[in-house]
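Structural description and commentary
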Amino acid sequence: MIPFLGFSKSGLDEEKKAKTTETSKIEEVKEEGEEGKGSFAFSGYLDSYYMANFNKPASRSNLGQANARVFDIKSGQFSLGLVQAKAVYTNSKSEAVVDLTFGPNADLGNYGNLLSPLNSSKTGTALAIKQAYFTYKFTDKFSMTAGQFGTHIGYEVIDAPANFNYSLSNLFNNGPFYHMGVKATYAFTDKVSLMAGVVNNVDGLGDNNRKKGIISQLFISPVTGWNVYLNFINSNEANPGSDGDSPKAHYRVFDVTSSYQVTPKFLVGVNAALGSQKGDYQGAGGPDNSKSWGGAAIYSNVAITDNFAIGARYEYFDNDNGVRALLAYPNGKLDGATGIGTHVNSVTLTGNIGLADGHILIKPEFRLDAYPKASGTKEQQFEDSDGNFTKSSQTTFGIAFIYKF
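Residues numbered from 1 in each chain as written. Predicted model: local features only at pLDDT ≥ 70, side-chain atom pairs only at ≥ 80, totals over all residues. Heavy atoms only, no water.

Here's the deal with the pattern of salt bridges
As enumerated under the stated definition, the model contains seven salt bridges in all. A salt bridge links aspartate 99 to lysine 130; the shortest N-O distance between them is 2.7 Å. In this pair, aspartate 99 is assigned in strand β4 (residues 94-102) and lysine 130 in strand β5 (residues 129-137), connecting sequence segments 31 residues apart. Pair check on accessibility: aspartate 99 and lysine 130 agree, each one buried. The partner of aspartate 159 in a salt bridge is lysine 130, and the shortest N-O contact between them spans 3.4 Å. In this pair, aspartate 159 sits in the loop between β6 (142-150) and α3 (170-174) while lysine 130 sits in strand β5, placing the two residues 29 residues apart along the sequence. (Salt bridge = Lys/Arg side-chain N within 4 Å of Asp/Glu carboxyl O. Helix = DSSP H or I, 4+ residues; strand = E, 2+ residues; numbered from the N terminus. Buried < 20%, exposed > 50% of the residue type's maximum accessible area, 1.4 Å probe, protein only.)

A short note on the confidence of the model for the protein
Chain-level statistics for the protein give a pLDDT mean of 89 and a share of 88% at 70 or above. In this model, residues 4-8 is a region of pLDDT below 50 whose contacts with residues beyond four sequence positions or in other chains number 28 contacts. Taken as a whole, residues 10-25 scores under 50 in pLDDT and shows 42 contacts with residues more than four places along the chain or in a different chain. (pLDDT = per-residue confidence, 0-100. Contact = heavy atoms within 4.5 Å.)

Details of the environment of alanine 337
Within the element layout of this structure, alanine 337 appears in the loop between β15 (327-328) and β16 (340-355). The partly exposed category is assigned to alanine 337, whose relative accessible area is 22%. Not counting the four nearest positions on each side in its chain, alanine 337 is found in contact with Tyr329, Asn331 and Gly332.

With respect to the layout of surface pockets
Gaps left between atoms are located by rolling a probe of water-molecule size over the structure's atoms. Put simply, the second largest pocket is a space of about 630 Å³. Those elements that place two or more of their residues in the lining of the second largest pocket are α2 (104-109) and α3. Of the residues in the lining of the second largest pocket, the class split is 16 nonpolar, nine polar and four charged. (1 Å grid on protein atoms, 1.4 Å probe; cavity = no way out; pocket = protein on both sides within 12 Å on 5 of 7 lines; lining within 4 Å. Points joined across faces, edges and corners; volume = space filled by probe spheres on them. Nonpolar A, V, L, I, M, F, W, Y, C, P; charged D, E, K, R; others polar.)

So this is what it looks like as structure tokens:
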């Protein structure tokens, strides 16, 4: 069977997603008393890909001038993506998760863990930690989680087997990846629950200032098969000034994700986000006045057979104000120019082929990214075969090879 369903990047949905992943070993651990009886599960995956870029960029990079792609950044070569090893221990009152990842995509996704108590120039082992948290269930309705956990913002996740599409959206690329902190969840009913928490900041094991971020999520399931998540984060990401205090600043995102299982074989989903930023963002600077960014994506997946499915994603992402990493350089990066805001329309078509009882996933994928053409200059968003940035759009076709266990 193939995972033709889409998943939102939701803290509340993490347990449901984990249960869809086959585990290679589940052991019952006997402890004192029946209530202490628990289970241990080990799972993981590895993925690699080959991506052909029709622009034939001289650098063999899909990034363009600035962050046009997330993880599938190499073209014209076979590339390793990510290797995951995940251990979960669960009993009637608690759960502990250790989720370790290795490889190029792990370095990119866990970049905020780039620290070591031994020496500031060394990375140590923290870069391998994608998630490390535990949850305690006070009651059947109320629980609390502490540690490093994946963000609740967005529709897509880092893990390649959980997403239908292999390449990730610009909404994913420009939103948070994970947080370090505590959160609490209360389930009013099976169809309504609320999460709220306090975290260090965005994408960081440590905190760059003394301020803390606030996160929240409201989950609603109006009817069977229809899930809606209303997500929020607000955090001061500014580096401290010479006096040790952080200046007034904010990074704020309102995010909505929803999926509806129309039939057992047909799913539609949507993700929309509106973010704003004022002031410095972790030392990278920022606007004096609040400026916004945002976008929307529509997903549609259909299972043709038990072993083959096809899906499409359309996305529009707007960073015309230039507050996120997706930028254009109409005068050329090599001239020391400053990046300006831009926007992009993206279309992605992906197939999912399941082999070896669903353990192997083969994902052929076509993607087109179209940016506005800069006038009055030859400098565009993407590189050509001569190493010049003369292309305003990029078309890639590739195939991902995934094994999950």
